[in-house]
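Coordinates in review
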Amino acid sequence: MAKTIGIGVTGGIAAYKIVDLVSKLKKDDNEVIVIMTEGATRFVTPLTFKTISGREVLTDLWQESQEYKVQHIGIAEQLDLLVIAPATANMVAKMAHGIADDLLSTVALANTAPVMVVPAMNTNMYLNKIVQDNIHKLIAYGYHVMEPGTGMLACGVEGPGRLPDIEDIYKQINTILNPCQDLAGKRIMVNAGTTCEDIDPVRFIANRGTGKMGYCIAEAAVKRGANVILISGKSTLTPPYGVEFVSVWGAEEMCDVMTKYQPQCDVIIGAAAVGDFGVAKIAGQKLKKTDNRNTKLKLELVGTPDILKELGKIKKPDQIMIGFAAETENIIENAQKKLSSKNLDFIVANDVTMEGAGFASDTNIVTIITRDGQMVSLPKMTKQEVAGAILDKLVEYFNQK
Ligand code: C5P
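Not measured: the values here are computed from a predicted model.

Of the regular secondary structure elements, the protein chain holds 14 helices and 21 strands. Counting only C-alpha atoms, the protein chain reaches 75 × 55 × 45 Å along its principal axes. Out of the 401 residues in the protein chain, the part that is buried amounts to 50%. For the protein chain, the share of sequence-separated contacts (at least 6 apart) that also reach a separation of at least 24 residues comes to 66%. If you sum the accessible surface of the protein chain, you get close to 19,800 Å²; carbon and sulfur atoms cover 51% of it.

Structural data, given as structure tokens:
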């Protein structure tokens, strides 16, 4: 669910990296309110953050505000989380001692939402006992303080003090905002999108799979703490942030890649629309068109590997495999056959002819059938909600084991 996140940027060289963080949080549909200290505006212009966050950037405690009756109180009341990144030694000290002498430190005091602090500074400053005491004070107050990265700093010193990777900051934000981390420690491989089978160097056979369902599952699993690898055929979607992403073309390549990763996975979810036929002999050169509309071109097709079936054969005893069955008739019966022939633990069946279900739709209507015969029919839901329901079932499975 979308949240309102305050991003407090203070005056460190790493301030420019926070632009990327704001962009990622916005892509998840969060409302992002950027508050910059005067020092931060020396490194990045408020206009940059305004453009990326889509709202006015706040810099001044005394700024007249149309939006809030009392600006610092109004901002603080809206927040689900306040992130201070990068947090300079000065801001850490002010927060640890309740000093409120600019907009950000004042919002930090008025705020009652969780606070995440990401210190980034010169190594000697970071290791200074006073700074360390202040950091420990913040931790004792219940603030989430991230450890800085270690390496070569902008000032030329090597040691702790680097801003952690934006991906790690993003993950930590999601962990705080989504306390349900019931898939933490699980390695989940999801496939998605349509596979493509070449006809000649410029033409190929694909299908209506868009990747929406698989990408939603991958995203939801990351947010619940899983370590996700997304193997995607053709799709126009942006890979969810935080997944390990492998782009593939045909069914054969998808099968090879998934077989390679199979041994390290706890769960495999097959949401891809894998093409069932490839071209027997791919033309080396572009096939010439003819002027005669009656000319018939014959393409000989051969079967592609059934990826889940292949993985089902080498499935490890503790591994959980989930498939989809997009059907047009005898939904449950056909899905049950696929469940056993592919050695799956459960299968998500849907009638693709129903309104609000299937390929390009934003919603889906599914029935989850388990190996032990349970059957749960869900109402029409968004694909995000279906992803959540599938992962809930998965967690139930883990808990039964
Ligand atoms: O095509 P079918 O209805 O058998 O697909 C059911 C499940 O098997 C889906 O999860 C799909 O991703 C997977 N599948 C596969 N390899 C194929 C065809 C389908 O892994 N060649």
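All right, on to the sheet that holds strand S13 (residues 267-270) then. Across the sheet, 8 strands lie side by side as S12-S11-S8-S13-S16-S17-S19-S20; this open sheet has mixed pairing. Each edge of the sheet is formed by a strand with only one pairing partner; in this case those strands are strand S12 (244-247) and strand S20 (375-377). The mean inter-strand angle of the sheet, taken between neighbouring strand axes irrespective of direction, is 15°. With 6 bridges joining them, strand S8 (residues 187-192) and strand S11 (residues 227-232) adopt parallel strand pairing. Looking across to S11, one finds that Met-189 is bridged to Ile-229.

Attention now moves to the site of the ligand. Neighbouring the ligand are 13 residues, the closest being Gly-270, Ala-272, Phe-324, Lys-338 and Lys-342. Within the contact set of the ligand, a nitrogen atom lies 2.9 Å away from a backbone nitrogen or oxygen of Pro-305. Between Asp-306 and the ligand, the recorded distance is 3.5 Å, taken from a side-chain N or O atom to a nitrogen atom. Compared with its free state, where it exposes 440 Å², the ligand has 88% of that area covered by protein.

Moving on, we come to the sheet that holds strand S3 (residues 81-87). Spatially, S2-S1-S3-S4-S5 is the arrangement adopted by the 5 strands of the open sheet, whose pairing is parallel. At either margin of the open sheet sits one strand with a lone partner, and together these are strand S2 (31-36) and strand S5 (144-145). Sheet topology note: the strand S4 (residues 115-119)/S5 ladder contains 2 bridges and is parallel. Across the sheet, residue Val-117 finds its bridge partner in S5, namely Val-145. Sheet contacts for helix H1 (residues 18-27): strand S1 (4-9), S2 and S3; angle to S1, the most-contacted strand, approximately 175°.

What follows is about the domain arrangement of the protein chain. Domain boundaries assigned for the protein chain yield domain 1 (4-177) and domain 2 (187-400). Between domain 1 and domain 2, the C-alpha centre-to-centre distance is 40 Å. At the junction of the two partners, domain 1 supplies 8 residues and domain 2 supplies 4 residues. When domain 1 packs against domain 2, the two sides together hide about 610 Å² of surface, and 63% of this comes from carbon and sulfur. Taken together, the connections running from domain 1 to domain 2 amount to 1 salt bridge. Where Lys-223 meets Asp-28, a salt bridge forms, and the shortest distance between an N and an O atom there is 4.0 Å. Applying the counting criterion to the domain 1 and domain 2 interface returns 1 residue pair in polar contact (both at pLDDT 80 or more). Secondary-structure elements contributing two or more residues to the side of domain 1 that touches domain 2 are H1 and helix H9 (166-177). In terms of residue count, H9 provides more of the side of domain 1 that touches domain 2 than any other element does, 5 residues in total.

The rules behind each value
Residues numbered from 1 in each chain as written. Predicted model: local features only at pLDDT ≥ 70, side-chain atom pairs only at ≥ 80, totals over all residues. Heavy atoms only, no water. Helix = DSSP H or I, 4+ residues; strand = E, 2+ residues; numbered from the N terminus. Buried < 20%, exposed > 50% of the residue type's maximum accessible area, 1.4 Å probe, protein only. Contact = heavy atoms within 4.5 Å. Areas by Shrake-Rupley, 256 points an atom, 1.4 Å probe, with all protein chains shown as cover. Pairing = 2+ DSSP bridges. Axes fitted to C-alpha atoms, helices over the stretch in contact; angles between N-to-C directions. Near = heavy atom within 4 Å. Polar contact = N/O pair within 3.5 Å; in protein donor to acceptor, adjacent residues only side chain to side chain. Domains from an automatic or database assignment. Buried area = accessible area lost by both parts, 1.4 Å probe. Salt bridge = Lys/Arg side-chain N within 4 Å of Asp/Glu carboxyl O.

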